[in-house]
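Breakdown of the fold
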Amino acid sequence: MGARHEVLISLDGVRDKNLMQLKKLNTALFPVRYNDKYYADALASGEFTKLAYYSDICVGSIACRLEKKEGGICVYIMTLGVLAPYRGLGIGTKLLNHVLDLCSKQKIVEVYLHVQTNNEDAINFYKKFGFEITDTIQNYYMNITPPDCYVLTKIISQPQTRK
């Protein structure tokens, strides 16, 4: 028996040159069409928006927006998705951990997102990372059923600095 072949999951930044990859993924993954502001915010977030590749095939992404809030900056996860045949391989975990690690390093204290109330897979996924349901918004989504969403929030504990 030979050594097990390790499939590489790699992340790449989103820029003008590969923005179409993100647009194609979003069309395949989500029941919502995203406007130009979404893509402008994704590009502006820099390292907080990534494409995921599985053996050089683009199969997932995370797109975030940085927001100013009392007490600093928080991160809003606009989208996180992986194509169905590639789920369960750790790709979503790698994307989310990338953003959570950046938050710790950059002293960002809060990450939040919206999830459709019937999306139990997503809710359970985020709960594994310490996210909690902090609010319910009625009629958040237009043109999809159910139209309601939960707000999931994670407070990032910052490493203590020694004095």
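Residues numbered from 1 in each chain as written. Predicted model: local features only at pLDDT ≥ 70, side-chain atom pairs only at ≥ 80, totals over all residues. Heavy atoms only, no water.

Going by the annotation in an unreviewed UniProt entry, the name recorded for the chain is N-alpha-acetyltransferase 50-like, with Nelumbo nucifera given as the source organism.

**Quick look at the packing of helix H1 (residues 19–29) against helix H2 (residues 36–44)**
Following both chains from N to C, one finds H1 and H2 inclined at 125°, their axes separated by 12 Å at the closest point. In this view, H1 runs oblique relative to H2, as classed from their interaxial angle. Crossing handedness for the pair H1 and H2: right-handed. Across the interface between the two elements, Leu19, Leu22, Lys23 and Asn26 of H1 pack against Tyr38, Tyr39, Ala42 and Leu43 of H2. Among the residues forming the contact of H1 with H2, the class breakdown is six nonpolar, one polar and one charged. (Axes fitted to C-alpha atoms, helices over the stretch in contact; angles between N-to-C directions. Helix = DSSP H or I, 4+ residues; strand = E, 2+ residues; numbered from the N terminus. Parallel < 35°, antiparallel > 145°, perpendicular 65-115°, else oblique. Left-handed = near helix turned anticlockwise from the far one by under 90°. Contact = heavy atoms within 4.5 Å. Nonpolar A, V, L, I, M, F, W, Y, C, P; charged D, E, K, R; others polar.)

**Some remarks on the packing of aromatic side chains**
A complete count under the given rule lists nine aromatic pairs for this structure. A ring pair is formed by phenylalanine 30 and tyrosine 34, whose centres lie 6.1 Å apart and whose planes are at 90°; its orientation type is edge-to-face. Judged by its relative accessible area of 17%, phenylalanine 30 is buried. Relative to tyrosine 126, the ring of phenylalanine 125 lies with its centre 5.3 Å away and its plane at 75°, an arrangement referred to as edge-to-face. (Phe/Tyr/Trp six-rings, centres within 6.5 Å; stacked < 30°, edge-to-face > 60°. Buried < 20%, exposed > 50% of the residue type's maximum accessible area, 1.4 Å probe, protein only.)

**Thoughts on H1**
Of all the residues in H1, the buried ones are Leu19, Leu22, Leu25, Asn26 and Leu29. Down the axis of H1, the buried set is contained in an arc of 120°. They therefore lie on one face. Opposite the buried face of H1, at more than 90 degrees from it, the exposed residues are Met20, Lys24 and Ala28. The inward-facing, buried residues of H1 abut H2, strand S2 (50–54), strand S3 (57–69) and strand S4 (72–82). (Arc of directions from axis to C-beta.)

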